[in-house]
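A closer look at the structure
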Amino acid sequence: MRPRLVVDGWGAGYRVTFDGRRQLTNLYLPGEIVGVWRDNQPSFYHSVMSVTRLSLIEFSTLPDSEIVQAECALIERQLENSIFRLGCLNAYERMAHLFLELGERLEIRRLGSRDAYRMPLTQELLADLVGISSVHVNRTLQQMRADKVIRLVNGDLSLTDPSALASRVHYQSLH
């Protein structure tokens, strides 16, 4: 896969098992690079799908620059977060952790703030990102609303107290 820059929209990296189960491995937001790893090694472990209308620019190669290296380091931290989420946290904590990371990533790109942003993910996609069923996602979102941790209306997500939530779910900033 050649490296691509997401110009507009959201994409998702995924793998499908032989029996048809799907695991989303990462989300790609505007301004992020798809298909690159440190030292310009290609990313080989997943396919990419669009979550929303997606616009990409393809590169034949990327320059060895500080910007590319910083992007690769950010991707590594996101993957570490994903491993931590899936390996150590319960469903509620996984969802909260993901919402905190998305807020931080969108704020970095000036596409939202840590505590409020547009979130176009369906319950099915959230399920595939955090490794639970879509029914469990629905119950977890209802509980988060009841606890007044989030407000989710028509795809607009607000976190009521991101600092307290970050402490509760052991979230560490990407920077």
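None of these values were measured; they are calculated from a predicted model.

About the cut-offs
Residue numbers run consecutively from 1 along every chain, following the written order of its sequence. With pLDDT at 70 or above as the cut-off, local features in this predicted model cover only qualifying residues; side-chain atom pairs require 80 or more to be listed or tallied, and sums for whole chains, interfaces and linings still use all residues. The side-chain quantities take in all heavy atoms of the structure and omit both hydrogens and water. A fitted line through C-alpha atoms represents every axis, and for helices the fit uses only the stretch in contact; the resulting angles, taken between N-to-C directions, go from 0 to 180 degrees. Only runs of H or I of at least four residues qualify as helices and only runs of E of at least two qualify as strands under DSSP, and these elements are numbered from the N terminus. For this classification, under 35 degrees means roughly parallel, over 145 means roughly antiparallel, 65 to 115 means roughly perpendicular, and everything else is oblique. Throughout, a residue-residue contact means that at least one pair of heavy atoms, one from each residue, lies within 4.5 Å. Only protein chains enter the calculation, and the probe is 1.4 Å; a residue is then buried if its accessible area is under 20% of its type maximum, exposed if over 50%, and partly exposed in between. Paired strands are those between which DSSP finds at least two bridges. Contacts described as polar in this section are N or O atom pairs within 3.5 Å, which, within protein, must combine one atom able to donate a hydrogen with one able to accept it, while residues neighboring in sequence count only if both atoms come from side chains.

Section: the packing of helix 3 (residues 123–130) against helix 4 (residues 134–146)
Viewed as axis vectors pointing N to C, helix 3 and helix 4 meet at an angle of 100°, and their least axial separation amounts to 8 Å. Overall, the two elements helix 3 and helix 4 adopt an arrangement that is roughly perpendicular. Contact residues: Gln123, Glu124, Leu126 and Ala127 in helix 3; Ser134, Val137, Asn138 and Leu141 in helix 4.

Some points on the pairing of strand 8 (residues 150–153)
On strand 8, burial follows the alternation: Ile150 and Leu152 on one face are buried, whereas Arg151 and Val153 on the facing-out side are not. Strand direction decides the pairing type here: strand 8 and strand 9 (residues 156–159), joined by four bridges, are antiparallel. Within strand 9, the position partnered with leucine 152 by the bridge is leucine 157. Two successive antiparallel strands, strand 8 and strand 9, enclose a turn made up of two residues, where asparagine 154 displays a positive phi of approximately 50°.

Focus on the sheet that holds strand 9
On the basis of which strands lie adjacent, the open sheet formed by three strands has the order 7-9-8 and antiparallel pairing. Of all strands in the sheet, those bounded by a partner on one side alone are strand 7 (116–118) and strand 8. Sheet twist, expressed as the average angle between the axes of neighbouring strands with direction ignored, equals 15°. Contacting strand 7, strand 8 and strand 9, helix 2 (residues 91–108) crosses the sheet at an angle of about 85° to strand 7.

Things to note about the environment of asparagine 138
Turning to its location among the elements, asparagine 138 is positioned in helix 4. Look at asparagine 138 and you get partly exposed, because its relative accessible area is 28%. Along the backbone, asparagine 138 and tyrosine 28 are 110 residues apart, and their C-alpha atoms lie at a distance of 23 Å. Within the structure, asparagine 138 has its side chain in polar contact with the side chain of glutamine 142 (distance 2.5 Å).

Side note on the sheet that holds strand 4 (residues 33–34)
Spatial ordering of the open sheet is given by 4-1-6, a layout of three strands whose pairing is antiparallel. Whereas interior strands pair on both sides, the edge strands pair on one side only; in this sheet they are strand 4 and strand 6 (55–58).

Let's talk about the environment of methionine 49
Within the secondary structure, methionine 49 is located in strand 5 (residues 47–50). Separated by 118 residues in the primary sequence, methionine 49 and serine 167 have C-alpha atoms spaced 32 Å apart. Not counting the four nearest positions on each side in its chain, methionine 49 is found in contact with Gly11, Ala12, Tyr14, Arg22, Leu24, Leu54 and Leu125.

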